Amino acid sequence: MTRSFHQISCEGETLAATLDSGNSPTSLMIVSGGNEIRSGAHGGMAQLALRISAHGFPVLRYDRRGIGDSSGENREFLSSAEEIAAATRFFRQQQPQIGKIIAFGNCDAATALALYGPDAGLDGYMLANPWVIEQSSEPENEEPTISSAAIRSRYWDRIRNPRTIIDLLSGKIDLRKLLRGLKQAAKVKENSALSIRLRDALVNIDGNSRILLAKRDTTARAFLAAWNSSDFASLRDSTDITLETLDSASHSFADATAKDWLVGKLLEALRSA
């Protein structure tokens, strides 16, 4: 098992990448979310790659353009189609024995994979906490637009927790802020345009795909609210995508229990592909 460092060509720029070796014809490609790089604070993904490759599966991970050691401009996840396609081509060139590439992404990387993965030639998807939250269209409001169902879920968990009563009485929780949050839930529209776009993309994804949610994470709550809404009814009834949840608030599956759960789910998908 070895790790090698590479540069992937992408429209005149280079993507910094690592490749962890393995002999299996099924492989894992990790797509980073947000502005995560391959090391430092987000070194958990590097550790994840090592754990997966220890079971014989090759793993590729790269930095998006403008992130980390990759050159170019960071144009955010909705402009990452070329990076996903370039990394997929490179992976197959470097590992000729590969038959299938399963892609894993967390947060906006999960959404990007659903949107652009089919055109890149990926064979399966592990989509963790897909991002469906959009910035408000009102200039004076910089808060992201979250569905009312997601907000209600978050506040209901707080209200039914006995500790919340103690915190309210002691002043640790601002009652006015809590009431404003509940009031916001009554105003926000149910589903963002991004969530509808993601729904339409998921319709075109074939089997070998799972959605993984840390169900107490805000991003996961927003996605789950969309998934359970009437807008997603036809998708729920027709898709082969499996949705699995972990009782955790860790968006990046950072604690030991969440890490082990994520590794287990990835290995299940790779072995069954």
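Residues numbered from 1 in each chain as written. Predicted model: local features only at pLDDT ≥ 70, side-chain atom pairs only at ≥ 80, totals over all residues. Heavy atoms only, no water.

## Here's the deal with the pairing of strand 9 (residues 209–214)
Thought 1: Here strand 9 lies mainly inside the structure; six of its six residues are buried.
Thought 2: Residues Ser 209, Ile 211 and Leu 213 of strand 9 are buried on one face, and the alternating residues Arg 210, Leu 212 and Ala 214, pointing to the opposite face, are buried as well.
Thought 3: Alignment of strand 6 (residues 124–128) against strand 9, held across four bridges, turns out to be parallel. Of the residues in strand 9, the one forming a bridge with Ala 128 is Leu 212. (Buried < 20%, exposed > 50% of the residue type's maximum accessible area, 1.4 Å probe, protein only. Helix = DSSP H or I, 4+ residues; strand = E, 2+ residues; numbered from the N terminus. Pairing = 2+ DSSP bridges.)

## Description of the environment of Leu 113
Thought 1: The residue Leu 113 is located in helix 3 (residues 108–120) in this model.
Thought 2: Classification of Leu 113 by relative accessible area gives buried; the value is 0%.
Thought 3: Taking the C-alpha atoms as reference points, Leu 113 and Leu 198, separated by 85 residues in sequence, lie 9.9 Å from one another.
Thought 4: If near-sequence neighbours (up to four positions away) are discounted, Leu 113 is found in contact with Val 31, Ile 84, Ala 103, Phe 104, Gly 105, Pro 118, Leu 122, Tyr 125 and Leu 127. (Contact = heavy atoms within 4.5 Å.)

## Points about the packing of helix 2 (residues 81–94) against helix 3
Thought 1: It is at 9 Å that the axes of helix 2 and helix 3 come closest, and there the two elements cross at 50 degrees. Taken together, the axis directions place helix 2 and helix 3 in an arrangement best described as oblique. Considering the relative orientation of helix 2 and helix 3, their crossing is right-handed. On helix 3, the residues touching Ala 81, Ile 84, Ala 85 and Thr 88 of helix 2 are Ala 112, Leu 113, Tyr 116 and Ala 120.
Thought 2: Split by residue class, the contact of helix 2 with helix 3 holds seven nonpolar, one polar and no charged. (Axes fitted to C-alpha atoms, helices over the stretch in contact; angles between N-to-C directions. Parallel < 35°, antiparallel > 145°, perpendicular 65-115°, else oblique. Left-handed = near helix turned anticlockwise from the far one by under 90°. Nonpolar A, V, L, I, M, F, W, Y, C, P; charged D, E, K, R; others polar.)

## Looking at the pattern of salt bridges
Thought 1: Evaluation of the coordinates by the stated rule reveals 12 salt bridges.
Thought 2: For Asp 20, the salt bridge is made with Arg 3, and the minimal N-O distance between the two is 2.9 Å. Highlighted residues: Asp 20 in strand 2 (residues 13–20) and Arg 3 in strand 1 (residues 3–10), separated in sequence by 17 residues.
Thought 3: Residue class for Asp 20 comes out buried when judged on its relative accessible area of 0%.
Thought 4: By relative accessible area, which is 29% here, Arg 3 ends up partly exposed.
Thought 5: Arg 51 serves as the salt-bridge partner of Asp 260, at 2.9 Å between the closest nitrogen and oxygen. (Salt bridge = Lys/Arg side-chain N within 4 Å of Asp/Glu carboxyl O.)

## Some words on the side chain of Asn 129
Thought 1: Tracing the backbone shows Asn 129 in the loop between strand 6 and strand 7 (134–135).
Thought 2: Taking relative accessible area as the criterion, Asn 129 reaches 0% and is therefore assigned buried.
Thought 3: In terms of polar contacts, Asn 129 uses its side chain to reach the side chain of Asn 106, at 3.2 Å.
Thought 4: Those residues in contact with Asn 129, other than ones at most four positions away along the chain, are Asn 106, Cys 107, Leu 212, Leu 213, Ala 214, Asp 217, Thr 219, Ala 220, His 251 and Phe 253. (Polar contact = N/O pair within 3.5 Å; in protein donor to acceptor, adjacent residues only side chain to side chain.)

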